[in-house]
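The residues making up each chain are set out below.
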Amino acid sequence: MTVCSAPGKVYLFGEHAVVYGEPAIPCAIEQRASVSVEPREDDHVRVTAEDLSLDGFTVEYAGDGEERPDVDVPANLVEAAMGYIDHAVEQARDAADAPDAGFDITVESEIPLGAGLGSSAAVVVAGIDAATRALGVELDRREIADRAYQAEYEVQDGEASRADTFCSAMGGAVRVEGDDCEPIDAPNLPFVVGFDGGAGDTGKLVAGVRELREEYDFAADTVETIGDVVREGEELLADAEPGSEPSPELLAELGELMDFDHGLLSALGVSARSLDSMVWGAREAGAHGAKLTGAGGGGCIVALDPADATETALSYTRECEEAFRAELATEGVRVEEA
Ligand code: MEV
């Protein structure tokens, strides 16, 4: 049995705009997805998902991935979760030059599915690492990130950036601009997450921004302005001591940029009443800044607050199902059991 885990992420800045070549800064967080893999004698793949915001399900299918038995959970959720796992399996078979390899796979995730915390990227990254290792092949993190991106790209019909998968593979804070992906230094940012219990449809939300951008020059300008916000934020991070406790001044400046970013994302139509309500709940509690994270439409917001006030306020906000502190995860994908 080979077990690997990979972290989820929050976007400090730059989601959506990153799809069009603007820079983004996602940060890995200590909420992880863990994938266990055991090679099989045949070419079947059997997947047990314990905790993908589903009730849990088991699916077994032949190597071509075409046959699916009935399972007792909504088909669209199973399809979404299985799409990522199918493509992770394909990438692992390709990397290990083992096209007929079969696996028993168990996915356990602390990251809610489709909520903006990078659950699919974490599952794909951990899955590729575990499955290739189970076949005796060790990939470096960049290759895992690259293969995980190919998998996401396939599932999301070509509408994916490298941000989520690179961040999950590498850990820490990263900067992604097109194909250019690098880890960057960051202080110990005090992230607080609010989760509305729902999920957005990444594909639809990305397509919506694309349409707006094609229809209106000012929407295209809005996307570019998000890039400007990211560049401004990058400079602030570059001046901070890596791993240090950030000063209140730095948090105030970063927070202001997060607020700005949220406004621009709202203008692009990817916020939601629940997300806005959590963002305002956080700001009114004294957070330095707050914004939606990920594709939007529902799911999570991220705020900056070293004190407890934001988490407490969010836990009393009607639209917030769960509020928690998210520590920056310095480690990306890792082996839990060889
Ligand atoms: C989704 O987590 C982030 C988006 O920018 C899409 C992507 O980068 O692939 C909306």
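Predicted model only: the values in this text are computed from it and were never measured. Counting starts from 1 at the beginning of each chain's written sequence and moves along it residue by residue. Thresholds applied to this predicted model are a pLDDT of at least 70 for local features of residues and 80 or more for the giving and counting of side-chain atom pairs; totals over whole chains, interfaces and linings are not thresholded and use all residues. Note that the side-chain values use all heavy atoms of the structure and ignore hydrogens as well as water.

### Some thoughts on the site of the ligand
Turning to step 1, where the next piece is worked out: Nearness of a residue to a molecule or strand requires only that one of the residue's heavy atoms be within 4 Å of it. The local shell around the ligand consists of Lys9, Tyr11, Glu15, His16, Val18, Val19, Ala160, Ser161, Asp164, Val206, Gly294 and Ala295.
Turning to step 2, where the next piece is worked out: N or O atoms closer than or at 3.5 Å make up a polar contact, with two conditions inside protein: a donor-capable atom paired with an acceptor-capable one, and, for residues adjacent in sequence, both atoms drawn from side chains. Histidine 16 is positioned with one of its backbone polar atoms (N or O) 2.9 Å from an oxygen atom of the ligand.
Turning to step 3, where the next piece is worked out: Per-residue and other accessible areas were derived by the Shrake-Rupley procedure at a 1.4 Å probe size, with only the shown protein chains allowed to occlude residues. For the ligand, whose free accessible area comes to 300 Å², the fraction covered by protein is 96%.
Turning to step 4, where the next piece is worked out: Mapping the shell around the ligand onto the domain boundaries places at least three of its residues in each of domain 1 (2-184) and domain 2 (191-326). The domain boundaries here were taken from an automatic or database domain assignment.

### Details of unusual backbone geometry
Turning to step 1, where the next piece is worked out: A positive phi is found at histidine 16, a non-glycine position, where the angle reads about 70 degrees.
Turning to step 2, where the next piece is worked out: The topology assignment puts histidine 16 in the loop between β1 (2-13) and β2 (25-40).
Turning to step 3, where the next piece is worked out: Positive phi, normally seen in glycine, also occurs at aspartate 97, with a value near 50 degrees.
Turning to step 4, where the next piece is worked out: Starting at the N terminus, helices and strands are each numbered in turn, a helix being any DSSP run of H or I of at least four residues and a strand any DSSP run of E of at least two. Checked against the element boundaries, aspartate 97 lands in the loop between α1 (75-95) and β5 (102-109).
Turning to step 5, where the next piece is worked out: Relative accessibility under 20% of the residue-type maximum defines a buried residue, over 50% an exposed one, and the middle range a partly exposed one, all with a 1.4 Å probe and only protein chains included. Among the residues examined, aspartate 97 registers a relative accessible area of 68% and is labelled exposed.

### Topic: the domain arrangement of the chain
Turning to step 1, where the next piece is worked out: Along its sequence, the chain is organised into domain 1 (2-184) and domain 2 (191-326).
Turning to step 2, where the next piece is worked out: Relative to domain 2, the C-alpha centre of domain 1 lies at a distance of 24 Å.
Turning to step 3, where the next piece is worked out: When domain 1 packs against domain 2, the two sides together hide about 2,700 Å² of surface, and 68% of this comes from carbon and sulfur.
Turning to step 4, where the next piece is worked out: Within this document, salt bridges are pairs made up of a side-chain nitrogen of Lys or Arg and a carboxyl oxygen of Asp or Glu, the two lying within 4 Å of each other. At the boundary of domain 1 with domain 2, the tally comes to four salt bridges.
Turning to step 5, where the next piece is worked out: Here glutamate 159 and arginine 210 are joined by a salt bridge, their closest N and O atoms 2.6 Å apart. Note on definitions: buried area is the accessible-area loss of two parts on being combined, 1.4 Å probe, summed for both.

### Description of the packing of helix α6 (residues 217-239) against helix α7 (residues 248-267)
Turning to step 1, where the next piece is worked out: Angles run from 0 to 180 degrees between N-to-C directions of axes, and those axes are lines fitted to C-alpha atoms, restricted for helices to the stretch in contact. At a closest axis distance of 10 Å, the pairing of α6 and α7 adopts a crossing angle of 170 degrees. Considering their axes alone, α6 and α7 lie roughly antiparallel with respect to each other. In this structure, the crossing between α6 and α7 has a hand that is left-handed. For the pair formed by α6 and α7, the contact residues are Thr222, Thr225, Ile226, Val229, Glu232, Gly233, Leu236 and Leu237 on the first element and Leu250, Glu253, Leu254, Leu257, Phe260, Asp261, Leu264 and Leu265 on the second.
Turning to step 2, where the next piece is worked out: For the contact of α6 with α7, the residue count by class is 10 nonpolar, three polar and three charged. An angle below 35 degrees is treated as roughly parallel, one above 145 as roughly antiparallel, one from 65 to 115 as roughly perpendicular, and anything else as oblique. Crossing handedness is read from the near helix: turned anticlockwise from the far helix by less than a right angle, it gives a left-handed crossing, and turned clockwise, a right-handed one. Contacts were defined at the residue level, with two residues in contact if any of their heavy atoms lie within 4.5 Å. Gly is put with the polar residues, along with every residue not named as nonpolar or charged; the nonpolar set is Ala, Val, Leu, Ile, Met, Phe, Trp, Tyr, Cys and Pro, and the charged set is Asp, Glu, Lys and Arg.

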